[in-house]
Amino acid sequence: MQKIDLNNKTILVTGGAGFIGSNLIKRLFKDTKGSTIINIDNLNDYYDVRLKEYRLKELETLNCQLSTVNYQFIKGDIADKAAIDALFAEYQFDIVVNLAAQAGVRYSITNPDAYIMSNMMGFYNILEACRASGEGQKSKVKGEPQTSDLRPQTYAGVQHLVYASSSSVYGGNKKVPFSTDDRVDNPVSLYAATKKSNELFAHCYSKLYNIPTTGLRFFTVYGPAGRPDMAYFGFTNKLLKGETIQIFNYGNCRRDFTYVDDIVEGIVRVMQGAPERKNGEDGLPIPPYAVYNIGGGQPENLLDFVNILQEELVRAGVLSEDFDFEAHKKLVPMQPGDVPVTYADSTALERDFGFTPKITLREGLRHFAEWYKSYYNG
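Structural notes, computed from the coordinates.

**Regarding the overall build of the protein**
Then, in step 1: Within the protein, the secondary structure is distributed over 11 helices and 19 strands.
Then, in step 2: Taking 2.2 N^0.38 as the reference for a compact globule, 378 residues should give roughly 21 Å; the C-alpha atoms of the protein span a radius of gyration of 21 Å, in line with that estimate.
Then, in step 3: On the principal axes, the C-alpha backbone points of the protein span a range of 75 × 50 × 40 Å.
Then, in step 4: Per-residue burial over the protein gives 52% buried out of 378 residues.
Then, in step 5: Contacts in the protein between residues far apart in sequence, at least 24 positions, make up 83% of those at least 6 positions apart.
Then, in step 6: Just so you have it, the protein exposes about 17000 Å², and 49% of that area is on carbon and sulfur atoms.

**Quick notes on a nonpolar patch on the surface**
Then, in step 1: Nonpolar side chains collect at one region of the surface, where I116, M117, M121 and Y124 lie side by side and expose about 330 Å² of accessible area between them.
Then, in step 2: Its place among the elements puts M117 in helix α5 (residues 112-133).
Then, in step 3: With relative accessibility at 44%, the residue M117 sits in the partly exposed group.

**Comments concerning helix α6 (residues 190-209)**
Then, in step 1: Taking 1.5 Å of rise per residue, the 20 residues of α6 would be expected to cover 28 Å, and the 28 Å separating its terminal C-alpha atoms lies within 8% of that figure.
Then, in step 2: Burial in α6 covers these residues: Y191, A192, T194, K195, K196, S197, N198, E199, A202, Y205 and S206.
Then, in step 3: Along its buried surface, α6 packs onto α4 (107-110), α5, β8 (160-166), β9 (213-218) and β17 (289-294).
Then, in step 4: Immediately downstream of α6, the backbone of N210 shows phi near 60°, a positive value.

**Points about the packing of helix α1 (residues 19-31) against helix α2 (residues 49-66)**
Then, in step 1: Axis separation between α1 and α2 bottoms out at 10 Å; the angle between their running directions is 0°. Considering the angle they form, α1 stands roughly parallel to α2. Residues F19, S22, I25, K26, F29 and K30 of α1 form the contact with α2, whose participating residues are R55, E58, L59, L62, N63 and L66.

**Let's talk about the pairing of β9**
Then, in step 1: Most of β9 is tucked away: six of the six residues are buried.
Then, in step 2: Neither face of β9 is left uncovered, since the one carrying T213, G215 and R217 and the one carrying T214, L216 and F218 both have all their residues buried.
Then, in step 3: Sheet topology note: the β8/β9 ladder contains six bridges and is parallel. Its bridge partner being in β9, S165 is matched across the sheet by R217.
Then, in step 4: The handedness of the β8 to β9 crossover, carried by α6, is right-handed.
Then, in step 5: Strand direction decides the pairing type here: β9 and β17, joined by six bridges, are parallel. Bridged to R217 within β17 is N293.

**Let's talk about the nonpolar core**
Inside soluble globular proteins, nonpolar side chains tend to come together where they are buried.
Then, in step 1: Membership of the largest hydrophobic core comes to 72 residues, with the highest contact counts inside it found for L24, F218, Y232, I267, M271 and F305.
Then, in step 2: With residues near it in sequence (within four places) discarded, M271 still touches I4, L6, I11, L24, L28, I95, V97, H160 and V162.
Then, in step 3: Core analysis: the second largest hydrophobic core is formed by 24 residues, F88, A100, F123 and V291 among them.

**So, empty space enclosed by the protein**
To find leftover empty space, one rolls a probe the size of a water molecule over the atoms.
Then, in step 1: Summed over the entire model, instances satisfying the criterion amount to one cavity of 30 Å³ or more.
Then, in step 2: Considered as a void within the structure, the largest cavity measures approximately 40 Å³ in volume.
Then, in step 3: Every residue lining the largest cavity is listed: I78, N98, A100, A101, S118, N119, F123, A164, K195 and N198.
Then, in step 4: The set of elements that each furnish at least two residues to the lining of the largest cavity consists of α5 and α6.
Then, in step 5: Looking at the lining of the largest cavity, its residues break down into five nonpolar, four polar and one charged.

**Some details on the pattern of salt bridges**
Two side chains carrying opposite charge are able to pair once their charged atoms lie near each other.
Then, in step 1: Under the defined criterion, the tally for this structure stands at 18 salt bridges.
Then, in step 2: A salt bridge links K26 to E58; the nearest nitrogen and oxygen atoms lie 2.8 Å apart. Separated by 32 residues along the polypeptide, K26 in helix α1 and E58 in helix α2 bring together distant segments of the chain.
Then, in step 3: When salt bridges with common partners are traced through the structure, they connect R27, D31, E265 and R269 into a single cluster.

Procedures and definitions
- Residues numbered from 1 in each chain as written.
- Predicted model: local features only at pLDDT ≥ 70, side-chain atom pairs only at ≥ 80, totals over all residues.
- Heavy atoms only, no water.
- Helix = DSSP H or I, 4+ residues; strand = E, 2+ residues; numbered from the N terminus.
- Rg over C-alpha atoms; globule rule 2.2 N^0.38 Å.
- Buried < 20%, exposed > 50% of the residue type's maximum accessible area, 1.4 Å probe, protein only.
- Contact = heavy atoms within 4.5 Å.
- Areas by Shrake-Rupley, 256 points an atom, 1.4 Å probe, with all protein chains shown as cover.
- Patch = residues over 30% accessible without salt bridge, like charges linked within 9 Å, V, L, I, M, F, W, Y side chains within 5 Å.
- Salt bridge = Lys/Arg side-chain N within 4 Å of Asp/Glu carboxyl O.
- Expected span 1.5 Å × (residues − 1).
- Axes fitted to C-alpha atoms, helices over the stretch in contact; angles between N-to-C directions.
- Parallel < 35°, antiparallel > 145°, perpendicular 65-115°, else oblique.
- Pairing = 2+ DSSP bridges.
- Right-handed = clockwise from strand over helix to strand, strands pointing away.
- Core = buried A, V, L, I, M, F, W, Y, C linked by side-chain atoms within 4.5 Å.
- 1 Å grid on protein atoms, 1.4 Å probe; cavity = no way out; pocket = protein on both sides within 12 Å on 5 of 7 lines; lining within 4 Å.
- Points joined across faces, edges and corners; volume = space filled by probe spheres on them.
- Nonpolar A, V, L, I, M, F, W, Y, C, P; charged D, E, K, R; others polar.

As structure tokens, this is what we get:
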């Protein structure tokens, strides 16, 4: 493993107005010094753009308070190849964290084009830009115009590409917990298929061009200012309006919920440990490629999950103490594209990076409920 110091690096975070991306950038503000952090996001309207704008405002405020890095937000789309090529040429990134993607399993059934453009074409553009960055040409000093007074430096290219995969790649696998050693050749949604394609693309580019890549399979990420299309957020919105929530598979689903701070901790550790570049006996590069699960390792029954959520919403004052929860829930069959259980085997992450997610479901939902109260009723 190649150790990377994140200080004084130029880092690209795609999807940085998103849930995980914005929390990652906050962490980089606090943990790094002298770095340049570029945040690109297209601010699409898959869910309420005001929430994305709220996250961006939080980033601007925190950056002004800390002033430890050079930060810039750029509104742009990773599916725009010319824009991505220009961005890489200008900033000469050392580390790229690709979190931009069209999310959601059910949405992929009705809007497949969005997934092909963002998750496949967009990721391809990132890979191509990483490849071009490593051609070893003489280039200008980062962030400054080239003049005769400046000594040209050799830019070595992107040192590490970290990208978001998903637990959805495991599809209908019966064996649990899910291990990165398992075969994942049977996706049950287009979203899952695009995420598996990302891993295949990354392996190809690692092999052909010696680009260190690490994929992270996230397991049901939740927390404050999360995605409104996720169950815990959607349930809260509906309960507050007095509507009925649907609990799929008659409550027999089990999910490996992972609090966003644990996800970010995993990403930051992985960013600092790139797969090592080395050659095999044939003299050709052994792909500097890795994939890890990041999940809590303690799958929760969906009914238990909604009961804890209800209790924490009452505690935070989002719902009244006499709220009739039983009257507002309905058990329904499984939806197309869903899987009955997600359960992460994160032993490889613990082995290589000394980290396993630790935040309990109740603690995480408490943070969410308190944020929800403040954001919507503060």
